[in-house]
2 protein chains.
Amino acid sequence: MNKTIILKSRPKGTPQLSDFEFVDEKMPEVMQGELLLKTIFVSVDPYLRGRMSDADSYVPPFELNKPISSGIVAEVVESKNENFKKGDFVSDRLEWKEYQISTGEGLQKIDPSIQPLSLYLGVIGMTGMTAYMGLTQIGKPKAGETIVVSGAAGAVGSTVGQIGKILGCRVVGIAGTDEKTEILKSKFGFDEAINYNTTKDMKKAIADASPQGVDIYYDNVGGSISDAVHRNLNQFGRIVVCGAISTYNATEMPMGPRVEGFLIKKSALMQGFIVSDFSDKFSEGAKQLGQWLKEGKLTYEETVVEGFDSIPQAFIDLFTGKNKGKMIVKV
Amino acid sequence: MNKTIILKSRPKGTPQLSDFEFVDEKMPEVMQGELLLKTIFVSVDPYLRGRMSDADSYVPPFELNKPISSGIVAEVVESKNENFKKGDFVSDRLEWKEYQISTGEGLQKIDPSIQPLSLYLGVIGMTGMTAYMGLTQIGKPKAGETIVVSGAAGAVGSTVGQIGKILGCRVVGIAGTDEKTEILKSKFGFDEAINYNTTKDMKKAIADASPQGVDIYYDNVGGSISDAVHRNLNQFGRIVVCGAISTYNATEMPMGPRVEGFLIKKSALMQGFIVSDFSDKFSEGAKQLGQWLKEGKLTYEETVVEGFDSIPQAFIDLFTGKNKGKMIVKV
């Protein structure tokens, strides 16, 4: 039998295990032109929360009682498609199933000499690309500028900080535990890191960590942390709005200080994006990220949870910050 | 004697007449190299409210017990400066005085064949430039797109709408009286106009007026009107944050729906500015605005109040929308 995870109900607030259901499907048969994929690594990401709601969004919502999908690394275990052979490894947005059929369309073949293969879901996959595109295309950092990153110990945030350092900027990270802020400085090279859970006056803490003010704010969290960063923004500051995890589980419209006033006062910019907005620059980005990884300039952190059955809980744990860096399930 | 208006106290909430004081100064003496200016037209503008507070802003606040300044058209009535002669007309940021001394520095000589001279404070002055720069440099309209303008019957808003039409866009204006919405359509060529004071469901009204959604929102007001426009924004929408008059008199931090969510969902941009951010493009802008005016493509509305003593009240009246188009005091 072939285990599959379907969306049983649309989460209200924080997702619950009961929003997911495991069903056993019959093992699929491989037809001519198709191949059978065995799931190896599954990426669980905050943005999936949005697709579990039926609100208007940039991608259609997941359908109820249908499998959920996310970034997956899989092994070809049987092939009736001339472009793929048994033992190939591929990456794509795929369904939360132990095994699945593919026509090969959209599959990216990956080089198994780069290990672990979960990197293709992380620092050299969409995660790294999200960091790279948001920072370079919207933030447009200049050497000597100060970048503040929220959700800095997350997969995207820790990569943003490293790219900022490579580009000659001062980088300040915000995260939720002392263990995370320690890693930001010792492992990822952030100049300063702030634990928002133990800091009373965030506005002052950000000011202290950013003596020249904040030129770029790469925002993964939204909410009151962002309010504090906004107040430290420099003239012509740029706010890269990548995520708002603090509000993803909100059941009412999240309210906060209106931004128009400081945007005018500071001639500042605030821009949202999803990584595919910059798909015309993906090959450039992949080349650059791969090169930095090889040169040892880019490191990463993964939280790897074992077992197909752990996928829903691993996803839920994102919202309480249980992960350090990229959250991956190894099947 | 020479009447001068000083800032007596920093307004709390809506400015009051008692925040201003008229003082009589001695008529100034013209020294070698100087000239004496007689004030002809005074521009009163919402942004001056910001300078009356001592909050952090892009320009230093007005000093207490010192004259207020704004855009002024003046006549040279005496000159000991070889670059100016009696009878010349000039424009600059000048003080609220009947007469004042200038060294000539910064004064822009203006062509008196263009009448009324108040146009140099309006459609071919900083007002027109603000409309032009915000729309073209941030909004970047493409023919066929839909532009929504708030504060549309104001000096900047009515010019934005006309430029939008010249550039081939659909233009929807939002204003506060039926008289204003009528003028938007009949005089300024807006495709649709919405009276926010008589419209219950602004979100729906904007949707109805914008069948293709909103590509550009040129925002002069902020607040709940803007919330309704934001909800109609298209993918890759651009919000030009020019003003937030609805919040200028707020005594507490104005709160509203957080914007990060829709900025991400729509890959949208929100950017504040002041016109001087684009000073390197002023000569291009002035040329274009002047040409459109000559070609009859750009019209304007002025509310002209008579008398130097009327300046404070004319300024206060901006916040209740008593003006149609540019608010000018003719001295």
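Residues numbered from 1 in each chain as written. Chains lettered and ligands numbered in written order. Predicted model: local features only at pLDDT ≥ 70, side-chain atom pairs only at ≥ 80, totals over all residues.

Tell me about the overall build of chain A, residues and numbers included.
Across its full length, chain A carries nine helices and 16 strands. Dimensions of chain A, computed from C-alpha atoms along their principal axes, come out at roughly 60 × 45 × 35 Å. The buried share of chain A, taken over its 331 residues, is 47%. For chain A, long-range pairs separated by at least 24 residues make up 65% of all intrachain contacts whose partners lie at least 6 apart in sequence. (Helix = DSSP H or I, 4+ residues; strand = E, 2+ residues; numbered from the N terminus. Buried ≥ 20, exposed ≤ 12 C-beta atoms within 10 Å, placed from the backbone. Contact = placed C-beta atoms within 7 Å.)

Would you mind going over helix H3 (residues 155–166) of chain B in detail, with residue names and values included?
Residue and element names in this part refer to chain B. The end-to-end C-alpha distance of H3 is 17 Å, a good match for the 16 Å that twelve residues give at a rise of 1.5 Å each. Burial analysis of H3 places ten of its twelve residues in the buried class, the great majority of the element. Those residues of H3 lying buried are Ala155, Val156, Gly157, Ser158, Thr159, Val160, Gly161, Gln162, Ile163 and Gly164. Check the buried side of H3 and you find it contacts helix H2 (126–139), strand S8 (146–150), strand S9 (170–175), helix H4 (178–186), strand S11 (214–219) and strand S16 (326–330). The positive-phi residue at the C-terminal boundary of H3 is Gly168, with phi of around 90 degrees. (Expected span 1.5 Å × (residues − 1).)

Pulling in residues and values, what's your account of unusual backbone geometry?
For the bond from Gln115(A) to Pro116(A), the omega torsion is -5 degrees, close enough to zero to count as cis. With respect to the element layout, Pro116(A) can be found in the loop between strand S7 (108–109) and helix H2 (126–139).

Describe the pairing of strand S6 (residues 99–102) of chain B, listing the residues and the values that go with them.
Residue and element names in this part refer to chain B. The side-chain alternation of S6 yields one buried face, formed by Gln100 and Ser102, and one unburied face, formed by Tyr99 and Ile101. Two elements, strand S3 (residues 35–43) and S6, share four bridges in a ladder whose sense is antiparallel. Its bridge partner being in S6, Leu35 is matched across the sheet by Ser102. (Pairing = 2+ DSSP bridges.)

Describe the relation of the copies chain B and chain A, naming the residues involved and giving the relevant values.
Superposing chain B onto chain A takes a rotation of 180 degrees combined with a translation of 0.0 Å along the rotation axis, leaving an RMSD of 0.0 Å. Read as a symmetry element, the transformation amounts to a two-fold axis. (Least-squares fit on C-alpha atoms with pLDDT ≥ 70 in both.)

Describe in detail the interface of chain B and chain A, supporting the description with residues and values.
Across the boundary between the two partners, chain B contributes 30 residues, which contact 31 residues of chain A. Secondary structure elements with two or more residues in the side of chain B that touches chain A: strand S13 (255–257), helix H7 (260–265) and strand S14 (269–272) of chain B. By residue number, the principal contributor to the side of chain B that touches chain A is H7(B), which donates five residues. Looking at side-chain class alone, the side of chain B that touches chain A contains 15 nonpolar, nine polar and six charged residues. (Nonpolar A, V, L, I, M, F, W, Y, C, P; charged D, E, K, R; others polar.)

Hey, could you go over the sheet that holds strand S12 (residues 233–241) of chain A for me, with residue numbers and the actual values?
The twelve strands lie next to each other as S10(A)-S9(A)-S8(A)-S11(A)-S12(A)-S14(A)-S14(B)-S12(B)-S11(B)-S8(B)-S9(B)-S10(B), forming an open sheet whose pairing is mixed. The sheet is open, and its two edges are formed by strand S10 (192–195) of chain A together with strand S10 (192–195) of chain B, each paired on a single side. Between one strand axis and the next, the sheet turns by 15 degrees as a mean value, whatever way the strands run. Relative to S14(B), strand S14 (residues 269–272) of chain A runs antiparallel, the two sharing three bridges. Looking at S14(B), one finds that Gln271(A) is bridged to Leu269(B). Relative to the sheet, helix H6 (residues 223–230) of chain A contacts strand S8 (146–149), strand S9 (170–175), strand S11 (214–219) and S12 of chain A, its axis offset from that of S11(A) by approximately 170 degrees. Where H4(B) meets the sheet, its contacts fall on S9 and S10 of chain B, and the angle it forms with S10(B) comes to roughly 170 degrees. (Axes fitted to C-alpha atoms, helices over the stretch in contact; angles between N-to-C directions.)

The quantities given are spatial measurements derived from coordinates; they are silent on function.
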